[in-house]
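Residues per chain are reported as follows:
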Amino acid sequence: MPFDKKNPTLFLLDGETLTPENLVQLSHGKLQIDLTPDAWSRIGASRALVDKLAMCGKPIYGINTGFGNFASVTIENDKLSQLQVNLITSHSAGTGRPLSPARTRMLLVLRINVLAKGFSGIRPESVRCMLNAFNKGCLSYVPEQGTVGASGDLAPLAHLALGMMGMGKMWDSSLHKWDDAAAVLKRHNLTPIQPGAKEGLAMINGTQFITSHGAEALVRASLVAKQADVVGALTLEALQGTPRAFDPKIHAARPHSGQVQCAKRLRALLHNDKNHSEIFAAHANCARVQDAYTLRCMPQVHGIAADTVEFTRGVIATEMNSATDNPMIFAETGEIISGGNFHGEYPAKALDYLTIGIHEVASVSERRVERLINPTLSGLPAFLVKEGGLNSGFMIAHCTAAALVSENKNLCNPASVDSIPTSAGKEDHVSMGGWAARKCLKVVENVEKVVAIELLAACQAIEFHRPKKTTPVLEKVYALVRKEVKSFDVDRFMAPDIDAVWKLIRSGSIWNAVAKDLGEEPVPAPVFEDLPGDHF
């Protein structure tokens, strides 16, 4: 992360290099932010051009004209500031639950990062107000519903700006509560923004609601996809499967990168010359030729999910560091040009794709849970519990996994195939990217929980192979789970156990337990501290 050399807790935004992982780390509220000197210089130059042209009398969209269908209405110079105030207040028309403080931080950081590019025409002092609000933990009340993803995420970004102007509500991180925005700002000695020409538009025109949600979904999807390889390997061991299908020659013949990577991980996790498994050795000479698809085809199924994550990463990372305003201010050439970079089709389509791709990880995981609990398929006690009948074991845990997968199937319907014209037909095609992003996050959360249930079930299945052990690397995973959740000898309240293992998945703890053994990098932990699930 690009920290200030003199202050390791100060993260510098430059409009060019912010990553999804950076954004998630900034959501925790433990770091301060500022801009690089070059970013401040670009902002100052673009603002000087706005001030110069605002007084020339020539109609320039968003500076001295109305908005949307009112673009042909010219506004008098003495009303330019009121024009921007009216824009923010009228566009603050969202509804639904507010974003969590963590997600509001991501939204604010991303909007500031876009302003740092210097194409927006905002005053440096207004950006400073936004930075101060972030650093003091003063976060606007932003409802989650209301954007159609073109012309940008107008409603949520207007709510974000509204709090900065001392209107509406804000979250006061020092008191951990919502309060009147003006009171919150005053309590922290912050001055509300008084928007000048073009500034209201500069704060609300863009795709940052879609993209900030998408960045979180991307990071979480990447993490659960990798950990699904680990959990799937443990399940294969418990079901006495064979690693033969992961032979490198097979995957070299169909060299999709995600498939090759997954097969490589599975070979490292399962029985090999350096990683001995007593469970595998006990059935190495059995008559089974090949395993079911949910085991044998993990590289092919998990692999495309991983490749989908990487495709989405390219789109989201580019969008995070792109200017999405309209009009755009080009200080070097002295031009103000209207365009369409606010349209959310890129992140909307990419997140619909990610939703479909990552869902398949849960779909195949749930089927492996079925194989674990079904004695006809596993050869293990029914529902992985002793004294079946008196005890129900994993019967309903599997039902929960099935319910989550079914829910995901409905949420996988692409949002971005829809478009409803708005603004009296002026905005005649929209992306619906806000819904694409929100439901993507929900699908990722459901995937995490299904994989957590599979991990619980796989660890329980391993109990029935004791005293034989699996490979040393998979024993690390088993031990980590058992630190949080004891084995199921008799029925007990299971929901807290599922939540505990979901936390291990969400935090990346499972991955970090084996990453070095796989020759790969661990992730910072905890990754998603204080990031509650989305609400519908």
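So, how was this worked out
Residues numbered from 1 in each chain as written. Predicted model: local features only at pLDDT ≥ 70, side-chain atom pairs only at ≥ 80, totals over all residues. Heavy atoms only, no water. Helix = DSSP H or I, 4+ residues; strand = E, 2+ residues; numbered from the N terminus. Rg over C-alpha atoms; globule rule 2.2 N^0.38 Å. Contact = heavy atoms within 4.5 Å. Areas by Shrake-Rupley, 256 points an atom, 1.4 Å probe, with all protein chains shown as cover. Lys, Arg positive; Asp, Glu negative; His and termini not counted. Charge placed at Lys NZ, Arg CZ, Asp CG, Glu CD. Phe/Tyr/Trp six-rings, centres within 6.5 Å; stacked < 30°, edge-to-face > 60°. Buried < 20%, exposed > 50% of the residue type's maximum accessible area, 1.4 Å probe, protein only. Pairing = 2+ DSSP bridges. Polar contact = N/O pair within 3.5 Å; in protein donor to acceptor, adjacent residues only side chain to side chain. Axes fitted to C-alpha atoms, helices over the stretch in contact; angles between N-to-C directions. Parallel < 35°, antiparallel > 145°, perpendicular 65-115°, else oblique. Left-handed = near helix turned anticlockwise from the far one by under 90°. Nonpolar A, V, L, I, M, F, W, Y, C, P; charged D, E, K, R; others polar. Right-handed = clockwise from strand over helix to strand, strands pointing away. Domains from an automatic or database assignment. Buried area = accessible area lost by both parts, 1.4 Å probe. Disulfide = S-S within 2.5 Å. Salt bridge = Lys/Arg side-chain N within 4 Å of Asp/Glu carboxyl O.

Colleague: When you look at the overall build of the protein chain in this model, what are you seeing that I'm missing?
Modeller: When its secondary structure is counted, the protein chain shows 21 helices and ten strands. A compact globule built from 536 residues should have a C-alpha radius of gyration of about 24 Å, and the protein chain, at 26 Å, falls within 12% of that. The C-alpha extent of the protein chain, read off along each of the three principal axes, is 85 × 50 × 50 Å. Sequence separation of 24 or more characterises 77% of the internal contacts of the protein chain that already satisfy a separation of 6 or more. By element, 55% of the accessible surface of the protein chain is carried by carbon and sulfur atoms, the whole surface being about 21,400 Å². The centroid of the 55 positive side-chain charges in the protein chain is displaced by 3 Å from the centroid of its 55 negative side-chain charges.

Colleague: What exactly am I supposed to notice about the packing of aromatic side chains here?
Modeller: How two aromatic rings sit relative to each other is given by the distance of their centres and the angle of their planes. A full pass over the atoms with the stated rule returns five aromatic pairs. Between W171 and W178 the ring centres are 5.4 Å apart and the planes differ by 75 degrees, which places this aromatic pair in the edge-to-face class. Classification of W178 as partly exposed rests on a relative accessible area of 27%. Ring geometry for F311 against Y353: centres 5.4 Å apart, planes inclined by 70 degrees, an arrangement best described as edge-to-face. Residue F311 is found in helix α14 (residues 298-320), and its partner Y353 is found in helix α15 (residues 345-373); the two are separated by 42 residues along the sequence. Using a relative accessible area of 46% as the deciding quantity, one classes F311 as partly exposed. Taking the relative accessible area as the measure of exposure, Y353 reaches 35% and is therefore partly exposed. Taken together, Y141, W171 and W178 form an aromatic cluster joined through their ring pairs.

Colleague: Can you walk me through the pairing of strand β8 (residues 177-180) in this structure?
Modeller: Bridge analysis of strand β7 (residues 169-172) against β8 gives four bridges, and the strand direction is antiparallel. The partner of W171 across the bridge, within β8, is W178.

Colleague: Looking at this model, I keep getting lost on the side chain of N321. Mind explaining?
Modeller: Position of N321 relative to the elements: it lies in the loop between α14 and β9 (328-330). Judged by its relative accessible area of 10%, N321 is buried. At a separation of 3.1 Å, a polar atom in the side chain of N321 contacts the main-chain carbonyl oxygen of A317. When near neighbours in sequence (up to four residues on either side) are disregarded, N321 contacts G15, E16, T17, L18, N113 and K117.

Colleague: Please explain the packing of helix α9 (residues 208-238) against α15 as it appears in this structure.
Modeller: Each packed pair of helices is defined by two parameters, the angle between the axes and the distance between the axes. The N-to-C vectors of α9 and α15 enclose an angle of 25 degrees; their axes lie 10 Å apart at closest approach. In terms of orientation, α9 lies roughly parallel with respect to α15. Crossing handedness for the pair α9 and α15: left-handed. For the pair α9 and α15, the contacting residues are I210, T211, G214, A217, L218, A221, V224, A225, A228, G232, T235 and A238 in the first and P347, A348, L351, L354, I358, V361, R368 and L372 in the second. Its residues assigned to classes, the contact of α9 with α15 comprises 15 nonpolar, four polar and one charged.

Colleague: Please clarify how the pairing of strand β3 (residues 32-35) should be interpreted in this entry.
Modeller: For a regular strand, the rule is simple: side chains alternate between the two faces of the sheet. Pairing geometry for strand β2 (residues 7-13) and β3, over four bridges, is parallel. Among the inter-strand pairings, L12 is bridged to a residue of β3, identified as D34. The β-α-β motif built from β2, the intervening helix α1 (residues 20-26) and the parallel element β3 has right-handed crossover chirality.

Colleague: How should the domain arrangement of the protein chain be read in this particular structure?
Modeller: Many analyses report the size of an interface as the accessible area lost when the parts associate. What the domain assignment reports for the protein chain is domain 1 (10-205) and domain 2 (215-328 + 341-421 + 428-518). A C-alpha centroid distance of 38 Å is found between domain 1 and domain 2. Tallying the contact residues gives 31 residues for domain 1 and 27 residues for domain 2. Regarding the contact of domain 1 and domain 2, the summed buried area is about 2,300 Å², with carbon and sulfur atoms giving 56% of it.

Colleague: How do you make sense of unusual backbone geometry when you look at a structure like this?
Modeller: Glycine aside, the phi torsion of most residues is negative, and most peptide linkages are trans. Residue A150 is joined to S151 through a cis peptide bond whose omega torsion reads 5 degrees. Structurally, S151 is set in the loop between β6 (143-145) and α6 (154-164). Omega for the peptide link from R466 to P467 comes to 15 degrees, which places this bond in the cis form. The topology assignment puts P467 in the loop between α18 (433-463) and α19 (472-484). Phi is positive for K198, which is not a glycine, with a value near 75 degrees. By the element assignment, K198 lies in the loop between α7 (181-187) and α8 (199-204). Although it is not a glycine, F383 sits at a positive phi angle of roughly 60 degrees.

Colleague: I keep staring at the sheet that holds β7 and nothing clicks. Help me out?
Modeller: Whenever strands of a sheet pair, they do so through backbone hydrogen bonds, lying parallel or antiparallel. Taking strand neighbours across the sheet as the criterion, the three strands line up as β5-β7-β8 in an open arrangement whose pairing is antiparallel. Pairing within the sheet leaves two strands with one partner each, and these edge strands are β5 (138-140) and β8. Between one strand and the next, the sheet's axes are offset by a mean angle of 40 degrees, whatever the strand orientation. Looking at chain direction, β5 and β7 are connected through three bridges and run antiparallel. Within the sheet, the bridge partner assigned to S140 lies in β7 and is M170. Seen against the sheet, helix α4 (residues 101-115) touches β5 and β7 and runs at an angle of roughly 85 degrees to β5.

Colleague: Explain the state of the cysteines to me, please; I cannot follow it from the model alone.
Modeller: For the structure on display, the rule yields zero disulfides. Free of any disulfide, C412 has its nearest cysteine sulfur in C440, 8.9 Å distant. We classify C412 as buried; its relative accessible area is 10%.

Colleague: I tried to follow the pattern of salt bridges on my own but got confused; where do I start?
Modeller: A pair can form between side chains of opposite charge whenever their charged atoms are brought close. Taken as a whole, this structure holds 28 salt bridges when the rule is applied. R244 serves as the salt-bridge partner of D247, at 3.7 Å between the closest nitrogen and oxygen. In this structure D247 comes out as buried when scored by relative accessible area, which is 15%. Given the relative accessible area of 61%, R244 is considered exposed. For D352, the salt bridge is made with K439, and the minimal N-O distance between the two is 3.5 Å. A residue pair is termed long-range when its members are at least 10 positions apart, and D352 in helix α15 and K439 in helix α18 qualify at 87 residues. Across this residue pair, the class does not change: D352 and K439 are buried. What emerges from the salt-bridge pattern is a single network uniting R103, E216, R220 and E448.

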